Amino acid sequence: MKLTERDKKLLLMLAYFVVIVGFGALVFKPLIQYYMNMGDEIVLLEAQKEEMDARIAEEPGLEQRRNELADLYRISTQDYYPMLESQEVDKEITGIVLSSGMQALNLNIVMPQEGIAVTMYPYAEKETGSVLPDGASESLSPDEAGTEAEETFSQSFIYAPLVTLTACGSEAQVESLIDRLTRDYPAIRLRGYSRQKQAADWVEESVAGMEFVSLELELYMCDRSVLEQGENP
């Protein structure tokens, strides 16, 4: 079959078309896909940038909030003891007994393994939202009380060794010791006590009238290392 000039031109145009389409499929399509992917990445990066900008804008407020919580933590725990070893607890309690003119006969200390649980003081719950160590009955002022989130931060940083002690002294000395523990030591909680007077029939005249007192105490300690490390309490 003989091809006419018109057929030859059509075949030549078809060949050009095939070459162009093939070239486009091999070159332009990957480029188009690449730029489409780049567009998606740009949108994602812009979203991440906006999120980072928002966080940077919030940073002054977060820093202020951290400082407020740190100040609240310091105020709420300013009367507590620092973290003490058992021998330091022994020295503190024994020193209080001796300074009252009494004699410490025996002392036992149970050191805590973790922070104490706290309970809401029922009469202050609606007004202040404050939390106190289990069994305590002292309320905080509204300025010292915080929100539920603020209350939670201190729970794991308060520790309370349990101290049981037997001491002896005069009736006046025993009463003075009990008064001092409940009045002058806000970080010591007197859980309970019992008194027993020494019968004169069984002792020498020089020690007649002496009393034995058994005390059960909690000494509240606060771990302030979290503030020293500059972390959020």
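In case you missed it, the structure is sitting above this.
Residues numbered from 1 in each chain as written. Predicted model: local features only at pLDDT ≥ 70, side-chain atom pairs only at ≥ 80, totals over all residues. Heavy atoms only, no water.

Participant: Can you tell me about the pattern of salt bridges, naming the residues and giving the values?
Facilitator: Pairing between side chains becomes possible if they bear opposite charge and their charged atoms approach one another. Using the criterion set out here, one finds eight salt bridges in the structure. In this structure, the salt-bridge partner of Glu175 is Arg195, at a minimum N-O distance of 3.7 Å. Within this pair, whereas Glu175 is found in helix 4 (residues 171-183), its partner Arg195 is found in strand 6 (residues 188-197), the two being separated by 20 residues in sequence. On the basis of relative accessible area, Glu175 is assigned to the partly exposed category, the value being 35%. Of the residues examined, Arg195 reaches a relative accessible area of 34% and is grouped as partly exposed. With a closest N to O distance of 2.8 Å, Glu218 and Arg191 form a salt bridge. Separated by 27 residues along the polypeptide, Glu218 in strand 7 (residues 211-219) and Arg191 in strand 6 bring together distant segments of the chain. The exposure class of Arg191 is partly exposed, given its relative accessible area of 41%. (Salt bridge = Lys/Arg side-chain N within 4 Å of Asp/Glu carboxyl O. Helix = DSSP H or I, 4+ residues; strand = E, 2+ residues; numbered from the N terminus. Buried < 20%, exposed > 50% of the residue type's maximum accessible area, 1.4 Å probe, protein only.)

Participant: Quick rundown of the sheet that holds strand 6? Include the residues and the values.
Facilitator: Two modes of strand pairing occur in sheets, parallel and antiparallel, and in both the strands are linked by backbone hydrogen bonds. What the four strands build is an open sheet, ordered 1-5-7-6; its pairing is antiparallel. Unpaired on one side and paired on the other, strand 1 (103-110) and strand 6 mark the two borders of the sheet. Between one strand and the next, the sheet's axes are offset by a mean angle of 15°, whatever the strand orientation. Sheet analysis places strand 6 next to strand 7, joined by nine bridges and oriented antiparallel. Following the sheet pairing, Arg195 is matched in strand 7 by Val213. Strands in contact with helix 2 (residues 86-99) are strand 1, strand 5 (162-169), strand 6 and strand 7; relative to strand 1, the strand with the most contacts, it is inclined by about 150°. (Pairing = 2+ DSSP bridges. Axes fitted to C-alpha atoms, helices over the stretch in contact; angles between N-to-C directions. Contact = heavy atoms within 4.5 Å.)

So far we have only geometry, and geometry alone does not tell us how the molecule works.
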